[in-house]
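# Structural description and commentary
The lines below spell out each chain.
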Amino acid sequence: MKITRRTALKSSAAAAAALALRGARLFSQGSTSVDAHIDILPAEPIATISPEIYGHFIEQLGGVVYDGVWVGTDSKVANTGGVRQSFIDALKSIKAPLLRWPGGCFADSYDWRDGIGAPGSRPARTAFWSQQETNRYGLHEFMHTCRAIGCKPYLAADLRTLPARDFYQEIEYCNAPAGNVPSNSAAPAVPDTLAAQRAANGDREPFNVDLWGVGNESWGCGGNLDPEEYAAMFRRFTSWTPSYSRTPLRFVAVGGNGDDVDFTRRMFKALYSNSERRHIFGLSVHYYTSGSASEFAAGDALKFSNGEYYDLLTRGSITERIVLDHFGAINDTQQPNQPHVKLVFDEWGAWYGPGTRLAQNYNLSQQSTMRDALLTGITLDIFQRHADKVAAACVAQTINCLHSLVLAMGDQSCVTPTYHVFRMYMPHQGAQSVRTQFSAAGIPNPLANAPIPVGGNSYAGSIDASKILAGLSGSASISPSNPKLLTLTVVNPHLDKPMTTEIAVAGASIASASGTVLSEPDVHAHNDFAHPDAVKPSAATVGSTSGGRLTHTFPAASVTSLQITLA
Ligand code: AHR
């Protein structure tokens, strides 16, 4: 069925009505002492959860690359080829599938040629974010970072300041095979000059980059383009690019900011006004949750009231509306001969004011608490519930910037509560997402009276206020290797209310369960260099099963991952 925004909303309204009924039925069927019900419906598959929704993002910005990722080959800090070992280890341990680079806004004034060749002869430039760029970390260093982690590179190309020729030559530099390249003409096969340059710079084998962002936030720092102008640029940049494999490159077009579906709709309309089949894999969408209800990029990462806690999580939950709205716009504008595009949610996370920066020059770095861990769980669960619409996503940003998983400075580093959630959610990667109904009373958002500010570096818009936070939310998936093994992840946002919940799997009996929980008595809890393990997950005290159902208590302000085995 073609899912439009209207049918998606209609079906979510129908689901809500069904949920109310189902909730009533379950409440009356089961024990009366429970606070909530979760109904997992294996017969209603959504889609395979792309591991790429667990993607990452690093930008040449503040302390992200220098000294976060890159400590240098002669550093005393443990490293592999100059890349911080603790960063590599952390990303490896969560099977990070994807790393996006070099930006962000930085990407749209970055010449990839500045970052190749002998380090000593690379130019120093004044770059985006009012910073001096040494170019010591460039394309090869990034590829080595990906190789060390075992993840795929996702490159964002400069659309604002470089011509299309530089884009396709960057593809050629990255992907042209070593040695003679077979020619589709009478000309003899000869080695490719850019591949030879790559080899001279240390990497004979191609990087095989298949995922390419064509610009970044082109409505803002990426050129202040209107959707029609961007569509024309996208067409020009992608109508021909070098290809060395049968598998087409995956191009990602820029979509609207936050819930700006008008941009998305106009962009697709303009893109398809020329009927040639387009090479487009995904639509980039960004949404940052400000730490303040009234201002973008404000509020404090560590000091917040209960009201601000609930407000941030409610505004974070708007991600679901954004996914539905942009996907609806894609469907509304879909042309029969064009590829079916999914969302690439390649920047998301909480964005606070500068109060908890690691250091003055670590621009946009911030601390990360249990509140951010809950936001992480809520967001990943949304992507999983919409595995049919979201192909990839990147948290912004992985280290020393905004919603980080790793904080690092000199020889010190620690992981954040958000890292633990990524780790706890790993069994979902590549699993089959199945419809799951949560019935729990919602929590009124105490601060939601006005439209919500959204933005990024260079744009501020707004989104209608959201008044209710789900009293319990999550997602469920079936293991790709064992149909009797389910993963259920659940966020309980109540600050002071453990939620005793009856969990049922339609058409099956629960035999046993085990799990992990992240929960602290104080949601301000966080890790820092002096206390790297202040927040860490523990084994969940799993409830009891009876009649094939599991009754489990989700602690207040917690994220839980349960592995459920069916009889
Ligand atoms: O992640 C920080 C910035 O936020 C990125 O550079 C930009 O794309 C967005 O505005």
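Data block above holds the structure.
Thresholds, definitions, all that
- Residues numbered from 1 in each chain as written.
- Predicted model: local features only at pLDDT ≥ 70, side-chain atom pairs only at ≥ 80, totals over all residues.
- Heavy atoms only, no water.
- Disulfide = S-S within 2.5 Å.
- Helix = DSSP H or I, 4+ residues; strand = E, 2+ residues; numbered from the N terminus.
- Buried < 20%, exposed > 50% of the residue type's maximum accessible area, 1.4 Å probe, protein only.
- Expected span 1.5 Å × (residues − 1).
- Contact = heavy atoms within 4.5 Å.
- Polar contact = N/O pair within 3.5 Å; in protein donor to acceptor, adjacent residues only side chain to side chain.

## Things to note about the state of the cysteines
A complete count under the given rule lists 1 disulfide for this structure. Across a sulfur-sulfur distance of 2.2 Å, Cys-105 and Cys-221 are joined as a disulfide pair. Judged by the sign of its S-S torsion, about -80 degrees, the bond between Cys-105 and Cys-221 is left-handed. Highlighted residues: Cys-105 in the loop between β5 (98–101) and β6 (125–127) and Cys-221 in the loop between β11 (211–214) and α6 (227–238), separated in sequence by 116 residues. Residue Cys-105 is classed as buried on the basis of its relative accessible area, which comes to 4%. Looking at the unpaired Cys-146, the closest cysteine sulfur is the one in Cys-151, lying at 4.1 Å.

## Quick notes on α6
Between the first and last C-alpha of α6 there are 16 Å, a value that for 12 residues agrees with the 16 Å anticipated at 1.5 Å per step. Residues Pro-227, Tyr-230, Ala-231, Met-233, Phe-234, Arg-235, Phe-237 and Thr-238 constitute the buried set of α6. Packed against the buried residues of α6 are α4 (164–175), β11, β12 (250–257) and α7 (261–271).

## A word on unusual backbone geometry
Glycine aside, negative phi is the norm for most residues, and most peptide bonds take the trans geometry. Of note, the amide linkage connecting Tyr-66 to Asp-67 takes the cis form, showing an omega dihedral of 5 degrees. Tracing the sequence through the fold places Asp-67 in the loop between β2 (55–57) and β3 (79–80). Of note, the bond from Trp-101 into Pro-102 is cis; its omega dihedral lies within 30 degrees of zero at 5 degrees. Here Pro-102 is to be found in the loop between β5 and β6. Even without a glycine there, the phi angle at Ser-130 is positive, about 50 degrees. Within the secondary structure, Ser-130 sits in the loop between β6 and β7 (131–133). With phi around 65 degrees, Leu-364 is a residue other than glycine that occupies positive phi space.

## A short note on the side chain of Gln-131
Counting through the fold element by element, Gln-131 comes out in strand β7. Note on Gln-131: relative accessible area 15%, which makes it buried. Of note is the side chain of Gln-131, whose polar atom sits 2.6 Å from the backbone oxygen of Gln-60. Each residue touching Gln-131, except ones within four places of it in the same chain, is listed here: Gln-60, Leu-61, Gly-62, Phe-106, Arg-125 and Thr-126.

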